[in-house]
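What follows is each chain in one-letter form.
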Amino acid sequence: MRQEHGSPDSELRYRRVAAELREAIIAGEYATGAKLPPEGTLAERYGVSRGTIRHALAVLRSDGLVTSRRGTRRTVLGGPRAQSFSELLSFTNWARSIGETPGGRLDRVVRRPAEPDEAAQLGLEAGAEVYLVLRLRTLSGEPVMVERSLYPARVGALVAELQPDVVSHTEALVTHGVLFTDADHTIDLACADADDARLLDCRPGQVLLRERRRTTDPEGVPVEWSEDRYLPGTIAFTVHNSVAASPLGRRHRPGSVTP
């Protein structure tokens, strides 16, 4: 058996294999419901170890392309799965949907006047009271993202009363009658500030993937303005375009790049 663990090229190998298998699935070379070849066959085909193949299959599993059962040949589930609104809205729901264990650590809750741009995003008057919630989010215990959620006073007061170890604030708010029905997403880059560096154990100024989200209720009233900052190499967002729709998808990238 090939010994690849510890090799500087090992991560590139499994990502290359995952990319080629993904392209084959999307191209229809492996039909939905079909079995992928055995790990040994794939290892010979790509000239890598079975461990590398397992890593590649884990990536495809997190993308929703193949089943996750070990000890049996993986079944193709089809092309990239369009994620539901709740999965894109809630980190917790998304993590559970890909078989990961979501976690979080509340850093602080601050009640303060809204800054002008924050008031505009939440449809509030200048200086209106808001609640800022800062949390570290994890996948199966590994730091992935710093979550900054800004709420109008009526919603923020509910969040402030939650227990610090509540995993999903969104689920808790729904039980209190706060409805999330529409969201606008903006994805770009941001440099890590002092809070990011402390919580993610990265250097200040490290480039992070940023998703900003403005969420409204059924009446179109803003209920949340959030900014999530992800460590590089841990998360990727994909967009599938068609005549009918252009759904946005978020996927986990195991084996994150060390900042």
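Basis of the calculations
Residues numbered from 1 in each chain as written. Predicted model: local features only at pLDDT ≥ 70, side-chain atom pairs only at ≥ 80, totals over all residues. Heavy atoms only, no water. Pairing = 2+ DSSP bridges. Helix = DSSP H or I, 4+ residues; strand = E, 2+ residues; numbered from the N terminus. Axes fitted to C-alpha atoms, helices over the stretch in contact; angles between N-to-C directions. Contact = heavy atoms within 4.5 Å. Buried < 20%, exposed > 50% of the residue type's maximum accessible area, 1.4 Å probe, protein only. Arc of directions from axis to C-beta. pLDDT = per-residue confidence, 0-100. Polar contact = N/O pair within 3.5 Å; in protein donor to acceptor, adjacent residues only side chain to side chain.

The name given to the protein in an unreviewed UniProt entry is GntR family transcriptional regulator, with the source organism recorded as Streptomyces glomeratus.

Draft legend 1. Broad picture of the sheet that holds strand E4 (residues 182-191). Taken together, six strands build an open sheet; the order of strands is E1-E2-E3-E6-E5-E4 and the sheet is antiparallel. Each having just a single partner strand, strand E1 (102-113) and E4 make up the two edges of the open sheet. With strand direction ignored, the average angle separating the axes of adjacent strands in the sheet is 15°. Where E1 and strand E2 (residues 129-139) come together, eleven bridges link them in antiparallel fashion. The residue of E2 that forms the bridge with arginine 111 is tyrosine 131. Against the sheet, helix H7 (residues 153-160) contacts E1, E2, strand E3 (142-152) and strand E6 (222-230), and its axis sits at roughly 135° relative to E3.

Draft legend 2. Highlighting the pairing of strand E5 (residues 207-216). Of all ten residues that make up E5, seven are buried, and the element is covered over most of its length. Summarising the sheet, E4 and E5 pair through ten bridges and their orientation is antiparallel. Within the sheet, the bridge partner assigned to cysteine 191 lies in E5 and is valine 207. Alignment of E5 against E6, held across eight bridges, turns out to be antiparallel. Paired with arginine 212 across the bridge in E6 is glutamate 227.

Draft legend 3. Spatial organisation of helix H2 (residues 39-46). Along H2, the residues that are buried comprise Gly40, Leu42, Ala43 and Tyr46. What you see down the axis of H2 is that its buried residues fit within an arc of 165°, all on one side.

Draft legend 4. Region of interest: the confidence of the model for the protein. Mean pLDDT for the protein: 84, with 83% of residues reaching 70 or above. The low-confidence segment residues 1-6 (pLDDT under 50) makes eleven contacts with residues lying over four places distant or belonging to another chain.

Draft legend 5. Expanded view of the side chain of threonine 75. Note that threonine 75 resides in the loop between helix H3 (50-62) and helix H4 (85-89). In this structure threonine 75 comes out as buried when scored by relative accessible area, which is 16%. At 3.1 Å, the side chain of threonine 75 forms a polar contact with the side chain of lysine 35. Setting aside chain neighbours within four positions, we find threonine 75 in contact with Gly33, Ala34, Lys35, Leu65, Val66 and Thr67.

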